[in-house]
Structures are given as C-alpha cells and as structure tokens.
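# Per-entry structural report
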Amino acid sequence: MHKTDISRYGNSKGKNKNFKGKHIRIFASILKIFWRLILSWSIISILTGIIVLASLIIYKSTILGDDIALNIKNYKMSLTSFIYVNDEKGNPQEYQKVHNLENRIWVDFKDIPLNMKNAIIAIEDKRFYEHHGIDIIRTLGATLNVLKGSKSYGGSTLTQQLIKNITEDSQVSLTRKIREILRATELEKKYSKDEILELYLNIVNFGGGCKGVQTAAQLYFEKDIQNCSLAQCACIAAITQNPTAHNPLYHPQNNKERRETVLAEMLAQNKISNDEYNEAIKESQNMNFSEKAKKEKDSSSKNVRNWYVEALVRDIVADLCEKYHIGKSVAENMIYTQGFKIYSAMDLKAQEFAENAIKDGNIMPKDPNMEIGYIMMDYNGRILASLGSRKVKTGNLLYDRANVAKRQPGSTIKPISAYAPIVDLGVYNYSSLIPDEPLQVSSGNGTKNWPVNWYKSYKGKVTLQWAIEKSANAPVAQVVKLLTPLKSYEFLTQKLGITSLDSNDATSLAALATGGTHVGITPREMTAAFQIFGSGGKYTKPFTYFYVTDQNGKVILDNRKQKSIEAVSPATATIMNRLLRNVIIGPEGTGRAANIPNWNIIGKTGTTSNGLDHWFIGGSPYCIAGIWTGYDNPKRIKDNAAAIRIWKYIMTKYLDGKPVIDYSYDPNIVMEKYCKSTGLLANSGCTNTAIGYYSPSNIPGHCTSHYGSHRSLESSVHSEPDENLSPSEENSDNSQNSSENSEESQDEQPIEE
C-alpha cells in the first residue's frame, strides 16, 4: 500500500468518526430538550394540581357546605314565601305572600312508571346505578373537550345533568365543570339513587314550559304520567337532550327519531323485551299528540306586586344567583316554592305617598304617555319607595323605569362627575373661578366651540358656586377636561357604584360633563350616587331588603351589615351639600320650585338635549329621591315642570309631621365671606359678597393677595388632559337619546315657583 493510500485511508476513518460524533451530539441535544420539556410539563402539572386541589378545598368548604340549591326536600313541596315590612314601631309585619307560578306538578317516585325511569336511564346514563355521581371515562373526555375550547362538554351523568338543571350554572369553563363534579358527588352522598332520579324526573325541562314528567304527560298526551305507554314514555325521555328541537308538538320528526333511539337503547340494555319494543315502535309510527297549547295564566289572576316588591324580588334573584352560582329561573323558583321569609326595607308610608301621587291628576303630566321613574332612599342605602311607571300597576314583570331603564342623566351628572371629585382633590374650592368659555373640540375636518350654554352666552370667569347654581355647561366641561374624563369615569364607577357607563364614556367629555352618556344611567344608580352629599361622603350600595331566611330560619342573604365606601371626604360632602342648596334657594337656581318651607332641601336638575329627558334628584336631611320623566320613545317634553312637581309632592308628604332635623356637617368646615367677582375672601372694599364653605386646607386668599385661589392640578391629578378630546361620541347611533345637537346637552331653564 502506498503512503498516500495509507493517508487517504486514515483521513476517511477520521471523517467517519467526526460524522458519528456529530450525530451523537445532535441526539444528546434532542434528548436534553426532551427532558427539559418533560420536566417543565411535570412542574406545570404539579403546580396546576396544587392550585386545583386548593381551589377544590376552598370551594368545598365555602360554597358546597351551604349549597341551598341541592336540598331535594325543597323541591318536593311548594312552600309560600312571605314578605315582611316594618311597621311604624320598627316591628316586622306580614305584608305579602309570594306564590309558585311555575308549571310543575310533583309526582312521587312510586307513581312514576318503570318504563319512564328506564327510558331516561337508557338514553341519558346507562350506568346510573353503578357510579357515584360521575363517570370517570366520560368526564375525562368532557374535560378534554373543555381544554380544546369546545362549547359542548358531553359525557355528563344523569346526576350532573340534574345539577345543571337545578343550578342553571351554564358558564363555559373548567371551573364550572369542577363545580358541577363536586356538586354531583355531594348529591350522591346525601341522597339515594331513587331520590336523585325522582328529583330529575320532576324538575328537568321537558319543553313547552313543562318542568317534570307529570306536566309533560298532561300537555302532550292529556293524561297522567302513570297512564303513559312505553312509546309515550320514550317520547318524553327524548325531549330532554334539546327541549326546543325535540318538542313533539313543533318538531315531531326530530322527536320520532330520538324516541326510537331511546327504545333501541332500552332493548339493547335488556330493559324491555322484543315484543315490547316492536309494539312501541308500531305506536311510535303513528303517535297522536294533544293539540292543547300551554297558555300563560292571565296576569289579572296573579297577585299583583307593587313596583317596590317587583324590584325586591329582582334583587333577591340577582343576589341568589351571585352567591350560590345558580341560574335566574332557579333563583326565582326558590323564592316561589321554598318558604323564604323576606324582610323588606320598604317604608310603607313613603311607598303609599308615591303610589298616591300617580293617582292624582293634578300631579301627573296631562299627557298619559309621558312616563316617570321614581326612587327614594335614605343615606345608608335603604330604598324606601319606588315607582317604575306613572300608571297604576295591573300586572307583574312590567318594565321598570326606576330600577332598570337607563336614560341619559343630563346635568344631574355634574355634581358627581365633575364638581365633587375636583373639590375633593383640593384643585378647586367653593368659590374658585372657572372659565365660562367653550372648548375647541374636533368636528369633522376642523374644530368648533363646545359646549353651548343653555343661556346662549359665555360669562368669562365665574365662581364654581355660580356654575352649579346656574347649571352652566362650559364651566363643567372645563372642569372635566382639567380632571380628565378617565378620572371622572373612575370616580363614578369605582366610588359611586355606577355600572352602566362603558368604555365610550371613559373618554367622552359629553358623557361626563353634560350627561350625554352612551347608554344612560338608571334613576336608582343616579340617586344612590347623590347619597354622598347627605352622608358625610359615604356611598352605600342601595338595597330593597334587610335579610332573607329559609324555611328553617337560617339567614341566606343579608344586607344588614352593608359596607360603605368613603367616596369623598366629610369636608367635600359638606361643601357640595351647601353648593346644591343654592340650586334650590339661589337667585339663579334651576331647582327653586323644589323648595319646601322649613326644610333644608338640596338638589340638582337635569335636562337632556332637545328636552327629551327631565330629571330632578333632591334630598332632605332624612332621605334622597330621584325622578326621571320622559317618553319610552324619546320626544320633546312639553311639561318640563313635572319632575320637580312630582318629587316635591311625595317629599312634602313624607316629611309632614317628622321632627325638623339638619344634615351632619363636617365640624372643621370654615364659613367665610367671599367676593363674587374674584372668588377670594372678601375685604372691607368688597361690595358683592356671599358666604362660602371651605376646607381648612383649601381656603382662598384675600382679595389683596395674588390672584388665583386653587392649587395646581399637577399636585393632585397626575395625568394630562387630552387637548384633542372630542365630545362627539354622544352622537353615536347607539346612544339612546342621540340627536344632531346632542353635544349641546342642556336645554336647562330655571323653573319658577
């Protein structure tokens, strides 16, 4: 072999070695990545398991132990609930009974035919008598569907389906699935299989408004369930998968296919014989149904609830749903059937005065189509009276314009969106000067002056006190711009419980300065926000009941220890109280017609663009009340005095005979004489003066001192105003009261006594 051949051979061997080494390194790298993935997955799995386990423990200890929806005994009886109202001495007296309105007739387990029981088990959960509430294999498959983002879980056992029907907990999430599993296993521990099946067959939706097999049999076949044939039982069982699509009256072919599947499953599971199957299939081919339609009971046959009780029931339903993770109809049924004792917060006299007002032709608007929404509450959130309409109530579940309807609030928003927060920050005081000048806002390809004052002019510099009394638009727009719409929005939503504002409002000058909100606000929320001006600055969520107990006296809902939020300081509350007093007694006051002799009345008027809505929210030392007047289909209001007229009538009646008291003011507030032209403390040379109310930390200088009586914004507000912010969002087609001139929000005019 030549030397060169030896060299070539040797080089070839080295290359082969390098080639193998390279592959080994690649393999090692892949292996390393693989193990890292396994390790990461293991750590994530362990952490997830710990979180899930902790969540299960917390849920089981806090929610499951008090799961009133899972008490089967409550469903086997239809107990009347009672509403109690305090008499004049504060003692609860029975006021009204609440009856069951649901189309459900309970039938005992022994009276349900075996074919009906077997039909449900065969099609819904063939291993029902073998598992303990969950089918592991089917549940894992359902959980996988959730993780994949599927909207349909599948795989639920009959017990789990029962849980969903009982609670109507329909949230599409892994948390809901875990909650359902826990509830199912808990139910299986408490009750026998026969009890669970009995409950299922009595409460599940069988279409046509029927809850339970007895009403289903009566509707579809005009007979009791114990007299139904095998084919008829299969027909009823076929409905549960989709009560609408499988309703035999409206979708007979769908039901036929499904009920024959039920029969096939019963045969395959040896629950019926071949002869029984063939006979049932023969009947199924030509099944006859009742033509009787489910009719709603005439509302006149029901106990008509007044507007207050209607709101009370709505509040309890919402609170039950939130606390116990159940659906709305389930919560409603609990009120009607489970013997609750409901201790209402209604003031009988206040409600009586309110209801008398709508019967008085001299008080109500002459136009019968002009509507109202009225609500009264004390300064601790207790709702005393409520009216959802100007019409005498003749039915239940009617449209409530006090608690539900959302309308643009107009100028009533100014004290809570602008003046209260700016005073609380110390940026302005009682008599600070504000520019009564328009802003330059975007408009098409250019800019325009906005807003226009209702008095069609601009005054230059005006005091904050005058701006509120006069309900001027330009000064409040200047304040919100300085404060920034976002901070105004945050104050309303985070401190004053207003929930109906949306992201459009968060950047809108029109919404937060002049009340041109995107959707609107309810009289209930607006009135509750004004609490702070008579409560020392504290906001309490309004409530219609003190507490609710179950049939055994156990408290299940409780409002007696409501937590208050300090929305503004006591000093700010006092200053704003005195500012709102001037709306009632000041020479420029737009609410002078609301004054009640010998009483310290405060308030604020509000009118939306083109006069579509009129508001008045006013308070006495005993309570605050708010009223909206307008049309369900908005149009210009001709009776622009109706809101104050109705408010004054009810408040006067309510205060009559009560000891005259005053608000609790901050004792640190300083009363000083100020010069109206400068907003500064008056000196001996000032001739045009008034009394102002000031926080010790924000007293203006004297007229001889340097001009300017407010701290710089930068020291209190940390974000810059948006120079290009336009109020034109209010003109959106989605706005309830939008109009071509809606940015010129106030048509406000003083109403003379």
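Residues numbered from 1 in each chain as written. Predicted model: local features only at pLDDT ≥ 70, side-chain atom pairs only at ≥ 80, totals over all residues. Heavy atoms only, no water.

## What about the overall build of the protein?
In terms of helices and strands, the protein carries 21 helices and 18 strands. Of all intrachain contacts in the protein linking residues separated by at least 6 positions in sequence, the fraction that spans at least 24 positions is 69%. Split by element, the accessible area of the protein, about 34,400 Å² in all, is 52% carbon and sulfur. (Helix = DSSP H or I, 4+ residues; strand = E, 2+ residues; numbered from the N terminus. Contact = heavy atoms within 4.5 Å. Areas by Shrake-Rupley, 256 points an atom, 1.4 Å probe, with all protein chains shown as cover.)

## Quick notes on the environment of K177
Looking at the secondary structure, you find K177 in helix 5 (residues 174-190). Considered as a pair, K177 and Q160 are 17 residues apart in the sequence and their alpha carbons are 9.4 Å apart.

## Some thoughts on helix 17 (residues 485-495)
Among all positions of helix 17, only P485, S488, Y489, F491 and L492 are buried. In an axial view of helix 17, the angular spread of the buried residues amounts to 160°, which keeps them on one side of the axis. G497 sits one or two positions beyond helix 17 and adopts a positive phi of about 70°. (Buried < 20%, exposed > 50% of the residue type's maximum accessible area, 1.4 Å probe, protein only. Arc of directions from axis to C-beta.)

## Concerning the side chain of D319
For D319, the location among the structural elements is in helix 11 (residues 307-324). K541 provides the closest opposite charge to the buried, unpaired D319, separated from it by 5.0 Å. Other than its neighbours up to four places away in sequence, D319 contacts Y545 and L557. (Lys, Arg positive; Asp, Glu negative; His and termini not counted. Salt bridge = Lys/Arg side-chain N within 4 Å of Asp/Glu carboxyl O.)

## Comments concerning the nonpolar core
If you look at the biggest cluster of nonpolar residues, it comprises 80 residues, and the most contacted ones within it are I416, Y419, L496 and F533. Broken down by element, this core gets its largest block of residues, 7 residues, from helix 20 (residues 570-585). The residues contacting L496, other than those within four sequence positions of it, are I416, F491, A529, I532, Y539 and A567. I166, A184, L219 and A231 belong to the second-largest nonpolar core, a separate cluster that totals 52 residues. (Core = buried A, V, L, I, M, F, W, Y, C linked by side-chain atoms within 4.5 Å.)

## Things to note about empty space enclosed by the protein
Following the criterion strictly, the structure yields 2 cavities of 30 Å³ or more and no others. Taken as a whole, the largest cavity encloses approximately 40 Å³ of empty space. Forming the boundary of the largest cavity are F533, G534, G536, P570, A573, T574, N577, Y663, S664 and Y665. Within the lining of the largest cavity, the residues separate by chemical class into 5 nonpolar, 5 polar and no charged. (1 Å grid on protein atoms, 1.4 Å probe; cavity = no way out; pocket = protein on both sides within 12 Å on 5 of 7 lines; lining within 4 Å. Points joined across faces, edges and corners; volume = space filled by probe spheres on them. Nonpolar A, V, L, I, M, F, W, Y, C, P; charged D, E, K, R; others polar.)

## A look at the sheet that holds strand 1 (residues 81-86)
Judged by pairing direction, the sheet is mixed, and its 5 strands sit side by side in the order 2-1-3-11-12 without closing on themselves. Each of the sheet's edge strands pairs with one partner strand only, and the pair in question is strand 2 (92-98) and strand 12 (555-558). Within the sheet, the average angular offset between the axes of one strand and its neighbour, ignoring direction, is 20°. As paired elements, strand 11 (residues 545-549) and strand 12 share 3 bridges and run antiparallel to each other. Of the residues in strand 12, the one forming a bridge with T549 is V555. Along the sheet, helix 11 contacts strand 1, strand 2, strand 3 (341-344), strand 11 and strand 12; its crossing angle with strand 12, the most-contacted strand, is approximately 110°. (Pairing = 2+ DSSP bridges. Axes fitted to C-alpha atoms, helices over the stretch in contact; angles between N-to-C directions.)

## Some details on the packing of aromatic side chains
Going through the model one piece at a time under the given rule, you end up with 15 aromatic pairs. Taking 5.4 Å as the distance between ring centres and 85° as the angle between the ring planes, the aromatic pair formed by F530 and F533 counts as edge-to-face. Here F530 falls in the buried class, since its relative accessible area comes to 1%. Under the relative-accessibility criterion, F533 is labelled buried at 2%. An aromatic cluster of three or more residues is present, and its members are Y430, Y674, Y693 and Y694. Positioned above the aromatic ring of F128 is the side chain of K193, whose terminal nitrogen or guanidinium carbon lies 4.5 Å from the ring centre. (Phe/Tyr/Trp six-rings, centres within 6.5 Å; stacked < 30°, edge-to-face > 60°. Lys NZ or Arg CZ within 6 Å of the ring centre and 35° of its normal.)

## Here's the deal with the sheet that holds strand 15 (residues 613-619)
Across the sheet, 5 strands lie side by side as 5-4-16-15-14; this open sheet has antiparallel pairing. Single-partner strands in this sheet number two, and they are strand 5 (383-387) and strand 14 (602-607). Neighbour-to-neighbour, the strand axes of the sheet open up by a mean angle of 5°, direction not taken into account. Note: strand 4 (residues 371-377) against strand 5, 4 bridges, orientation antiparallel. Residue pairing for strand 5: M377 is matched across the bridge by I383. Together, strand 4 and strand 5 form the strand contacts of helix 13 (residues 348-357), whose direction differs from that of strand 5 by roughly 20°.

## What to know about helix 10 (residues 274-285)
Given a rise of 1.5 Å per residue, 12 residues ought to cover 16 Å, and the 17 Å separating the end C-alpha atoms of helix 10 matches this to within 8%. Its buried side turned inward, helix 10 meets helix 8 (230-239) and helix 9 (252-268). (Expected span 1.5 Å × (residues − 1).)

## Overview of the confidence of the model for the protein
Low-pLDDT stretches of the model should not have their predicted coordinates read in fine detail. On average, residues of the protein carry a pLDDT of 84, and 79% of them reach 70 or more. Here residues 56-65 is a poorly scored stretch, pLDDT under 50, and it has 16 contacts once near neighbours within four places are set aside; other chains count. Low pLDDT (under 50) marks residues 705-753, which in the prediction has 136 contacts with non-local residues, meaning those over four places away or in another chain. (pLDDT = per-residue confidence, 0-100.)

## Quick look at the pattern of salt bridges
Side chains bearing opposite charge may pair, as long as their charged atoms lie close to each other. Using the criterion set out here, one finds 15 salt bridges in the structure. Residues K193 and E188 are paired through a salt bridge, measuring 2.9 Å at the closest nitrogen-oxygen approach. Comparing K193 with E188, the two get one shared label, buried. Among the charged side chains, a network of salt bridges with common partners joins E371, K391, R401 and D632.

## Observations concerning the packing of helix 2 (residues 114-124) against helix 8
It is the contact of helix 2 with helix 8, at a shortest axis distance of 9 Å, that shows an interaxial angle of 45°. Here helix 2 lies oblique to helix 8, going by the angle between them. In the packing of helix 2 onto helix 8, the handedness of the crossing is right-handed. Where helix 2 approaches helix 8, its residues N115, M116, A119, I120 and I123 are matched on the opposing element by L230, C233, A234, I236 and A237. (Parallel < 35°, antiparallel > 145°, perpendicular 65-115°, else oblique. Left-handed = near helix turned anticlockwise from the far one by under 90°.)

## What to know about the environment of R183
Tracing the sequence through the fold places R183 in helix 5. Separated by 19 residues in sequence, R183 and K164 have C-alpha atoms that sit 9.8 Å apart.

## Observations regarding the packing of helix 2 against helix 6 (residues 193-203)
Running from N to C, helix 2 and helix 6 cross one another at 90°; their axes reach a closest spacing of 11 Å. On the basis of the axis angle, helix 2 is roughly perpendicular to helix 6. Across the interface between the two elements, M116, K117, I120, I121 and E124 from helix 2 touch L197, Y200 and L201 from helix 6. Looking at the contact of helix 2 with helix 6 residue by residue, the class counts come to 6 nonpolar, no polar and 2 charged.

## Considering the state of the cysteines
Each disulfide consists of one covalent bond between the sulfur atoms belonging to two cysteines. Per the counting criterion, the structure on display carries 0 disulfides. C228 provides the cysteine sulfur closest to C235, a residue in no disulfide bond, and the two sulfurs are 8.9 Å apart. A relative accessible area of 0% places C235 in the buried class. (Disulfide = S-S within 2.5 Å.)

## Regarding a nonpolar patch on the surface
A contiguous nonpolar surface patch, about 320 Å² in accessible area, is contributed by L31, F34 and W35. Checked against the element boundaries, L31 lands in helix 1 (residues 3-62). Note on L31: relative accessible area 36%, which makes it partly exposed. (Patch = residues over 30% accessible without salt bridge, like charges linked within 9 Å, V, L, I, M, F, W, Y side chains within 5 Å.)

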